[in-house]
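As a plain string of letters, each chain reads:
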Amino acid sequence: MTLFNSKTIALAVSLLLASAAQPAYASGTHDDGDKAHGGARDMIEQMREQHGTHEHGHDFEAMEELSPNQLERMIDLMQDVGLVLPEMDPERGRKLYVDTGCVVCHSVNQVGGEIGPDLDAADMPSPMNAFEFSARMWRGAAAMASMQEDLLGGVISLTGQDLADLVAFAHDEKEQGKLTTDQIPEKFTTMLEN
């Protein structure tokens, strides 16, 4: 019997993406796995709690099909290969959206520009795939960089954390509902009025 069949690998990817709020770090050791990982079942419960406020859902039940040993080994595998997922904070994403100038070209709930595609969470695929969202940005990077040069005087510089937060904001209807035009810096409202 193979421990990691295609279903198990798919579950590992689901667990990895679902644990976006829980950074996974390579531990370098497997001594006392429960201390290093906080226990796989505890981790799932913690993720459920953290993701329970989001409009999108995750299939945590599929992860429960794994035995405790399989789940622990899967988490060990993810950590051993050095995968790190930053916490995804939609509130920080909302602030970045307006402060960096994304709002000049993109609209959320009709707040913002009309140059680029709307980023309404209601229209985003569910469940969220942060990597697909980033790939879409990458495919449009040349056009976005050129437009940013023209409109903003330079290309917006984003860190991995910034991107994670923007992805979270783009998929969180509740946080998007907090966005108002009075949050847009004056230097950008002038651009939106023209």
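Residues numbered from 1 in each chain as written. Predicted model: local features only at pLDDT ≥ 70, side-chain atom pairs only at ≥ 80, totals over all residues. Heavy atoms only, no water.

**Q** Outline the overall build of the chain, supporting the account with residue identities and numerical values.
**A** Of the regular secondary structure elements, the chain holds 12 helices and two strands. Buried residues in the chain amount to 40% of all 194 residues. Taking all contacts inside the chain whose residues are at least 6 apart in sequence as the whole, residues at least 24 apart take part in 75%. For the chain, the accessible surface area stands at approximately 11000 Å², while carbon and sulfur atoms represent 53% of it. (Helix = DSSP H or I, 4+ residues; strand = E, 2+ residues; numbered from the N terminus. Buried < 20%, exposed > 50% of the residue type's maximum accessible area, 1.4 Å probe, protein only. Contact = heavy atoms within 4.5 Å. Areas by Shrake-Rupley, 256 points an atom, 1.4 Å probe, with all protein chains shown as cover.)

**Q** Tell me about the pattern of salt bridges, and please be specific about residues and values.
**A** Inspection of the entire model under this criterion finds six salt bridges. Between Asp89 and Arg92 there is a salt bridge, with its nearest N and O atoms 3.7 Å apart. Close ionic contact of Glu175 with Lys178 constitutes a salt bridge, the shortest N to O distance being 3.3 Å. Relative accessible area serves as the criterion here: at 6%, Glu175 is assigned to the buried category. (Salt bridge = Lys/Arg side-chain N within 4 Å of Asp/Glu carboxyl O.)

**Q** I'd like to hear about the nonpolar core, residue by residue, with values.
**A** Of all hydrophobic cores here, the largest spans 25 residues; its most connected members are Met88, Tyr97 and Leu179. At the level of secondary structure, the elements contributing two or more residues to this core comprise α6 (90-99), α7 (102-105), α8 (130-139) and α10 (160-170). Counting five residues, the second-largest nonpolar core is a separate cluster that includes Leu66, Leu71, Ile75 and Met78. (Core = buried A, V, L, I, M, F, W, Y, C linked by side-chain atoms within 4.5 Å.)

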